[in-house]
Amino acid sequence: MNEISGNKWVYAFDEVDEAQEFMNGDWDGVRGLLGGKGANLGDMTRIGVPVPPGFTITTEACNAYLQAEGTFPDGMITQVSEKLRKVEETTEKSFGDPDSPLLVSCRSGAKFSMPGMMDTVLNIGMNDGVVKGLIGLTDDEHFVYDSYRRLVQMFGSVVLGVRDEPFEYVLEQYRDRRGVASDSDLTADDFRSITEEFKAIVERYAGRSFPDDPAEQLRLAIEAVFRSWNGKRAIDYRNAAGIPHDLGTAVNIQTMVFGNMGEDSATGVAMSRNATTGEPHLEGDYLTNAQGEDVVAGIRTTKPMDQLAEEMPDLHREFSEIAGRLEQHYREMQDMEFTIERGKLWILQTRNGKRTAQAAVRIAVDMTDEGLIARNDALMRVTPAQIDFFLHPSFAFEAKKEAKDEGRHLATGLNVSPGAAVGVVAFDADLAERWANEGKDVIMVRPETKPDDVHGMLACNGILTSRGGRTSHAALVARQFGKPAVVGAEELSIDLGERVLRVGDRVVREGEEISIDGTNGDVIVGVVATQTPDLENEWLKKLLEWADEVRDIGVWTNADYPDDARVARSYGAEGIGLTRTEHMFFDQSRLPIVQKMITATIPADRSDALEQLLPFQREDFAGLFRAMDGLPVTIRLIDPPLHEFLPSFEELTTDLTDLKIRIQSAGSLKEINDLLSKIEEEEHMLARVESLRETNPMLGLRGVRLGIVLPGLTKMQVRAIFEAACLVADEGVDVHPKIMIPLTAHVNELARQRTELEEEAKAVMAEKSIEVSYEFGTMIEIPRAALTADQIAEHAEFISFGTNDLTQMTFGISRDDAEKAFLVQYLEEGILDANPFATIDADGVGELMKIAVEKGRSTRHDLNAGICGEHGGDPDSIALCRRLGLDYVSCSPPRVPVARLAAAQAAIKEPLD
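Rules behind the numbers
The residue count restarts for each chain, going from 1 along the sequence in the order it is written. The predicted nature of this model means local features are confined to residues of pLDDT at least 70 and side-chain atom pairs, given and counted, to a pLDDT of 80 or more, with totals for whole chains, interfaces and linings taken over all residues. Excluded from the side-chain calculations are hydrogens and water; all other atoms, namely the structure's heavy atoms, are used. Strands are labelled as partners when DSSP assigns at least two bridges between them. The way it works is that DSSP assigns letters per residue, a run of H or I at least four long becomes a helix, a run of E at least two long becomes a strand, and they are numbered from the N terminus. Under this scheme, a helix contributes an axis fitted over its contacting stretch, all axes are lines through C-alpha atoms, and angles between N-to-C directions fall in the 0 to 180 degree range. How far a helix is expected to stretch is found by multiplying one less than its residue total by 1.5 Å. Between buried and exposed lies partly exposed: a residue is buried under 20% and exposed over 50% of the maximum accessible area for its type, with that area taken using a 1.4 Å probe on protein chains only. Note: the arc covers the axis-to-C-beta directions of the helix. When checking whether two residues touch, look at their non-hydrogen atoms; a contact exists if any pair is within 4.5 Å. For a crossing to be left-handed, the near helix must be turned anticlockwise from the far one by less than a right angle; the clockwise case is right-handed. Under this grouping Gly is polar, as are all residues other than the nonpolar Ala, Val, Leu, Ile, Met, Phe, Trp, Tyr, Cys and Pro and the charged Asp, Glu, Lys and Arg. Between Lys or Arg on one side and Asp or Glu on the other, a salt bridge is scored when a side-chain nitrogen of the former is within 4 Å of a carboxyl oxygen of the latter.

(A) Up close: the sheet that holds strand S21 (residues 500–503). Spatial strand order, S20-S21-S22: three strands in an open sheet with antiparallel pairing. Both edges of this open sheet fall to strand S20 (493–495) and strand S22 (506–509), since each of them pairs with a single strand only. Strand-to-strand twist of the sheet, defined as the mean angle between neighbouring strand axes without regard to direction, takes the value 20°. Relative to S22, S21 runs antiparallel, the two being bridged by four bridges. The residue of S22 that forms the bridge with Arg-502 is Val-507.

(B) View of helix H35 (residues 845–859). The end-to-end C-alpha distance of H35, which contains 15 residues, comes to 22 Å, matching closely the 21 Å that a straight helix rising 1.5 Å per residue would cover. Of the positions making up H35, those classed as buried are Val-845, Gly-846, Leu-848, Met-849, Ala-852, Val-853 and Gly-856. Summarising the axial view, the buried residues of H35 lie within an arc of 155°, below the 170-degree limit, and thus occupy one face. Tucked into the core, H35 has its buried residues touching helix H31 (783–787), helix H32 (789–792), strand S31 (798–801), helix H33 (803–811), strand S32 (864–867) and helix H36 (875–883).

(C) How the structure looks around the pairing of strand S5 (residues 104–110). Of all the seven residues making up S5, seven are buried; the element is thus mostly covered by neighbouring parts of the structure. Residues of S5 alternate between two faces, with Val-104, Cys-106, Ser-108 and Ala-110 on one and Ser-105, Arg-107 and Gly-109 on the opposite face, all of them buried. Where S5 meets strand S6 (residues 120–124), three bridges bridge the pair, whose relative direction is antiparallel. Residue pairing for S6: Cys-106 is matched across the bridge by Val-121. Examined bridge by bridge, S5 and strand S7 (residues 249–255) share seven bridges and lie antiparallel to one another. Bridged to Gly-109 within S7 is Ala-250.

(D) Spotlight on the packing of helix H29 (residues 711–730) against helix H30 (residues 747–768). In the contact formed by H29 and H30, the axes pass within 9 Å of each other and the chain directions differ by 35°. When you trace H29 past H30, the crossing you get is right-handed. Every residue of H30 that contacts H29 at Pro-711, Thr-714, Lys-715, Val-718, Arg-719, Phe-722, Glu-723 and Cys-726 is listed here: Gln-753, Glu-756, Leu-757, Glu-760, Ala-761, Ala-763, Val-764, Met-765, Glu-767 and Lys-768. For the contact of H29 with H30, the per-class residue count stands at nine nonpolar, two polar and seven charged.

(E) Quick peek at the pattern of salt bridges. Under the definition given, this model contains 70 salt bridges. Taking the shortest distance from any N to any O, the salt bridge between Arg-317 and Asp-314 comes out at 2.2 Å. With a gap of three residues between them, Arg-317 and Asp-314 both fall in helix H13 (residues 313–330), about one helical turn apart. Arg-317 gets classed as exposed once you look at its relative accessible area, which sits at 52%. Of the charged contacts in the structure, one is a salt bridge between Arg-467 and Glu-448, with a shortest N-O distance of 3.6 Å. With a gap of 19 residues between them, Arg-467 in the loop between strand S18 (462–465) and helix H20 (473–481) and Glu-448 in the loop between strand S17 (442–446) and helix H19 (454–459) connect regions that are remote in the sequence. The class of Arg-467 is partly exposed, set by a relative accessible area of 43%. One salt-bridge network, held together by shared partners, links Glu-582, Arg-636, Asp-639, Arg-702 and Asp-805.

(F) Local environment of unusual backbone geometry. Despite not being glycine, Asn-123 shows a phi value in the positive range, around 65°. With respect to the helices, strands and loops of the structure, Asn-123 is situated in strand S6. Here Asn-123 falls in the buried class, since its relative accessible area comes to 0%. A positive phi angle, near 55°, is found at Ser-769, a position not held by glycine. With respect to the secondary-structure elements, Ser-769 resides in the loop between H30 and strand S30 (775–780).

Note that every value here comes from positions in space, so none of it alone points to a role or purpose.
Structure, rendered in structure tokens:
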């Protein structure tokens, strides 16, 4: 075998000090060099934990091997031989010597744990001669041939690429013949025969014989582990976990210890704390008279660790003591593999244990209370995604697995709003609302949603669409209201005429039940059991209180209704950063009045409609003020173009055609007159819709422009705000309204609107003889507004960045179209590092925000600045907002706890002067 270059490629477990010195004392660097497993094996050896002797081949050797397309680096094999001789001296055994055989395992071990993603080979060093020697030494033919057949099977599968099925078929045949359920119940003669059959399988499928030479076994096993770094499952795992592909894996060669040498031997995996709940006691499984793969393979029923205390009390106490030492040493919950060989305990591996969100929070808090870690450590150990988990129902793991095993998985879409939802399918918003009012759980299913679907979206348990992306209307509204949602499930064919959805030949009819998982995008036919979030979790509450003590940026919420505001406040929101007044107009009791106001052709009719809307708006605002007593409430005046409140041009055209066809077959004069009246109404509506049609409505008559063209509309809203403020102030509520004028591009727009609206506000307060503290401000959604913020600040006490629109206008792309047209490709091909609608583009949008804050505060030094787009709940965007000097971020209610933690983590990572 050719070898290239030269370096120190191999470190014995007791040379971890040398490795750390080589990495200039950087333990993270040691983990990068020796892998997490190798580093920890060396570290445990250093602190006196009983670890079977061995050595680690570095990740550098792996990368050199892969770069050289399958050639070991120069000197590596020589160093392996040297370290192997050292292990022989320590164990007083010899590799390949039948009289005193040393057997070793060969295991992967990358810097970051990738459980099960790369390869392992056990019992290396066995051949027919060694087998005879081991039988003589152990007087246990059953154990020896059991170990031998395991090596042949594992070597054939892992190293030589033979499929598992032929091996498993042989074992199944022998079990059936003996009438036993477990391999361990087969006889020594069985294992001897099985080993020979396994060798024949290797010869037949691999095209070569199983190697008798232990040195060749070891070399080939090392190569197999190196190659497994680029195996598909390893690559897929790294992609999902965000692990870089250039790290490489280390290889750990370790003396075999055996848990299958009788009833005084065992093997298992245990964690120092409960990985599901976080409770501070050992949790794990073990088997007596077994090897490690038996525990994880599921072939035999494992025993809980508590039972080890009964079977082997002294060893259980020793293991508990070691678990405590390791937890103290690493200051983290540990996941440990162990083997007991004839009454002697060995620790084969330790690593930081994987855990659920609930366990992560409890362990972090408990370890802080125990004095093991500092509060800041606890805050950094819990991810924002784990906090998010607490705030949404989720499917019970076993229930979801069972549903998939039963073939009930229907489709997969984009996981845009987390949580689990189960309900009957409703294909329109009206039916969804009606069924919800009748007490049914509903999943609203649409090709895509639009603003006039909001009432159904609010009523339903979850939302499913066949079209749309992560920034579609359905996604934005679902996140805003904490509704589980799956969008863009393109496998679904939705027939609104027949009221069915299809995937291939499978059909789900309206009224039938489905389950959707907004956390990972799954759609499942029928009911899957859910588990509810634990919002009163004492450890979560404590962790978030610590976060509040650390963070230095406010966390507000986007809330349109009092119930949302109350929920957000219970989650820790310190104010409302955005109330979208137009959402209130979509209520079915108000929409006809709104449409009357829009279609009015004479001022008196429009004024009448506005008078009817005023009490509705006043009550809306009063409810928000009461819910947020003592906290600021930012109310954005109407923003979207008016056509969004009217039926679409295409819908009206279709309805008119249908009415004109029906009139031809009308059977009575009354029916004809009724149809003519409806035709006249539809034609009037169509004419108004036609007059409002714009080539690009998102850049047309909306926001501040609408207030200037139709001043009565925004004056009505301001009157409603201040009448509500005076009303609740008289009740004793501490009210702080902030009126936000949207879509300002030029300072003169803002100056004009503020003057008119502030006159209305003062008039109301004079009428009521009540003064309330208030502020006027504007949204920065247009680049020009950001660039002229010094002028805008002359007429605004506050600014709030509407980063969704600001991103659209900075990039010149439509958020509704970009994801399905080209954005996914841009992300896959690295043209963009991140979706700019999920995380603020720091170099472009972020720079505009920086300019706006600096210029605005050059005019008004106490200018209050915040963000109220979807980015307000994104941890990376929160960190950017903090660096830019914003006073607060505002996000949907379910994201408030996430933002509290993310803001604290940003403060810890990057302290500001």
